[in-house]
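Fold and geometry: a report
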Amino acid sequence: GQLADGQGGGVEVLGIGPGAHRGALLAVALAARGDADGAVTLLEPLSRLETPPGERARLLRCRLAQDWQGILDFAAAHPRQAERDAELLGSVVRALAETGDVAGMVDFYERSKPRIAGLTPRLLRDSIRLPYFAFSGQLEATDRLFGQSFAGLPAISRAYWLATARLYGGEPDAARADFER
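Notes on the structure follow. (Residues numbered from 1 in each chain as written. Predicted model: local features only at pLDDT ≥ 70, side-chain atom pairs only at ≥ 80, totals over all residues. Heavy atoms only, no water.)

**Here's the deal with the packing of helix 9 (residues 139-146) against helix 10 (residues 155-168)**
Between helix 9 and helix 10, the shortest axis-to-axis distance is 9 Å and the interhelical angle comes to 165°. When the axes of helix 9 and helix 10 are compared, the pair comes out roughly antiparallel. Crossing angle aside, the handedness with which helix 9 passes helix 10 is right-handed. Note on element contacts: helix 10 touches helix 9 through Ser157, Arg158, Trp161, Leu162, Ala165 and Arg166, opposite Leu139, Thr142, Asp143 and Phe146. (Axes fitted to C-alpha atoms, helices over the stretch in contact; angles between N-to-C directions. Helix = DSSP H or I, 4+ residues; strand = E, 2+ residues; numbered from the N terminus. Parallel < 35°, antiparallel > 145°, perpendicular 65-115°, else oblique. Left-handed = near helix turned anticlockwise from the far one by under 90°. Contact = heavy atoms within 4.5 Å.)

In structure tokens form, the structure reads like this:
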């Protein structure tokens with residue numbers, strides 16, 4: 001998402017949409033500065049609204065709080081949205097993996113592959129591919145993303161994802177050593 005469209009025509013924040021609640025904007029700013037707890041607190045009242053901005057806030061709150069089951073519950077309650085919404089699609093891929101349903105993640109990803117392939121920009125596609133590659137043990141594919149879309153991420157992020165790929169690729173000792181570094 002973007003904080004301003006440059007034309008003064010509105011604000012879009014992580015898909016929350018034009019005219020988003022001020023609390024959502026502040027939450028995104030806090031999250032960008034590394035204060036996920038503060039962002040989650042600000043999103044709580046908005047996430048209780050049964051409106052599209054409330055739903056976006058609920059999904060963002062789940063992501064920031066790493067409430068993977070909350071994301072899966074949201075997707076189950078909104079199955080058509082999970083098919084067409086790129087942010088939710090990526091969240092479901094990650095949530096399935098993080099909850100230990102790697103087979104479910106692979107199945108969901110494979111069913112969604114045509115949709116993922118058509119996403120732009122590339123960063124959006126790759127943000128969905130990263131957990132898929134890592135949790136399915138595809139070390140080379142995971143590493144390749146860090147030479148492309150994620151080249152600017154901190155080394156600790158790269159280390160985490162590569163260790164995850166090693167772990168799920170059948171190299172638990174190498175993964176453990178990477179996680180301990």
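**Regarding the side chain of Ser112**
By secondary structure assignment, the location of Ser112 is in helix 7 (residues 102-117). A polar side-chain atom of Ser112 sits 2.8 Å from the main-chain carbonyl oxygen of Phe108. (Polar contact = N/O pair within 3.5 Å; in protein donor to acceptor, adjacent residues only side chain to side chain.)

**Here we look at a nonpolar patch on the surface**
Among the surface-exposed residues, Leu167, Tyr168 and Phe179 lie close enough to one another that they form a single nonpolar patch of about 270 Å² accessible area. Residue position: Leu167 is located in helix 10. (Patch = residues over 30% accessible without salt bridge, like charges linked within 9 Å, V, L, I, M, F, W, Y side chains within 5 Å. Areas by Shrake-Rupley, 256 points an atom, 1.4 Å probe, with all protein chains shown as cover. Salt bridge = Lys/Arg side-chain N within 4 Å of Asp/Glu carboxyl O.)

**Let's talk about the environment of Arg122**
Inspection of the secondary structure assignment puts Arg122 in helix 8 (residues 122-135). Residue class for Arg122 comes out partly exposed when judged on its relative accessible area of 42%. A C-alpha to C-alpha distance of 7.3 Å links Arg122 and Ser149, two positions 27 residues apart in sequence. (Buried < 20%, exposed > 50% of the residue type's maximum accessible area, 1.4 Å probe, protein only.)

**Considering the nonpolar core**
Counting residues in each nonpolar core, the largest one holds 34 residues, and the members touching the most others are Ile71, Leu88, Val92, Val93, Met105 and Ile128. Counting residues per element, the ones that place at least two in this core are helix 3 (52-64), helix 4 (68-77), helix 6 (86-98), helix 7, helix 8, helix 9 and helix 10. With 8 residues, the top contributor of residues to this core is helix 6. Filtering out sequence-adjacent residues up to four positions away, Leu88 remains in contact with Leu59, Ile71, Phe74, Ala75, Gln81 and Ala82. (Core = buried A, V, L, I, M, F, W, Y, C linked by side-chain atoms within 4.5 Å.)

**Examining the pattern of salt bridges**
Two side chains bearing opposite charge may form a pair once their charged atoms approach each other closely. Counting across every chain of the model gives 13 salt bridges. Note that Glu50 is salt-bridged to Arg58, the shortest N-O span being 3.9 Å. According to the relative accessible area criterion, Glu50 is exposed, its value standing at 67%. Residues Asp143 and Arg158 are paired through a salt bridge, measuring 2.4 Å at the closest nitrogen-oxygen approach. On the criterion of sequence distance, the pair formed by Asp143 in helix 9 and Arg158 in helix 10 is long-range, its members being 15 residues apart. On the accessibility criterion, Asp143 (30% relative accessible area) is partly exposed.

**Concerning helix 8**
Taking 1.5 Å as the rise per residue, helix 8 with 14 residues should run 20 Å; its terminal C-alpha atoms sit 20 Å apart, in good agreement. At Arg129, helix 8 shows its maximal kink, close to 30°; a proline, Pro131, follows between one and four residues later. Arg125, Asp126, Ile128, Leu130, Pro131, Tyr132, Phe133, Ala134 and Phe135 are the residues of helix 8 that are buried. Lining the buried residues of helix 8 we find helix 6, helix 7, helix 9 and helix 10. Just downstream of helix 8, Gly137 is the residue with a positive phi angle, here 75°. (Expected span 1.5 Å × (residues − 1). Bend = angle between axes of the 7 residues up to and from the residue.)

**Some details on helix 9**
Buried within helix 9 are the following residues: Ala141, Thr142, Leu145 and Phe146. Along the long axis of helix 9, the arc covered by the buried residues comes to 150°, so they all point the same way. Buried residues along helix 9 sit in contact with helix 8 and helix 10. (Arc of directions from axis to C-beta.)

Everything listed here is a matter of geometry and, on its own, says nothing about what the molecule does.
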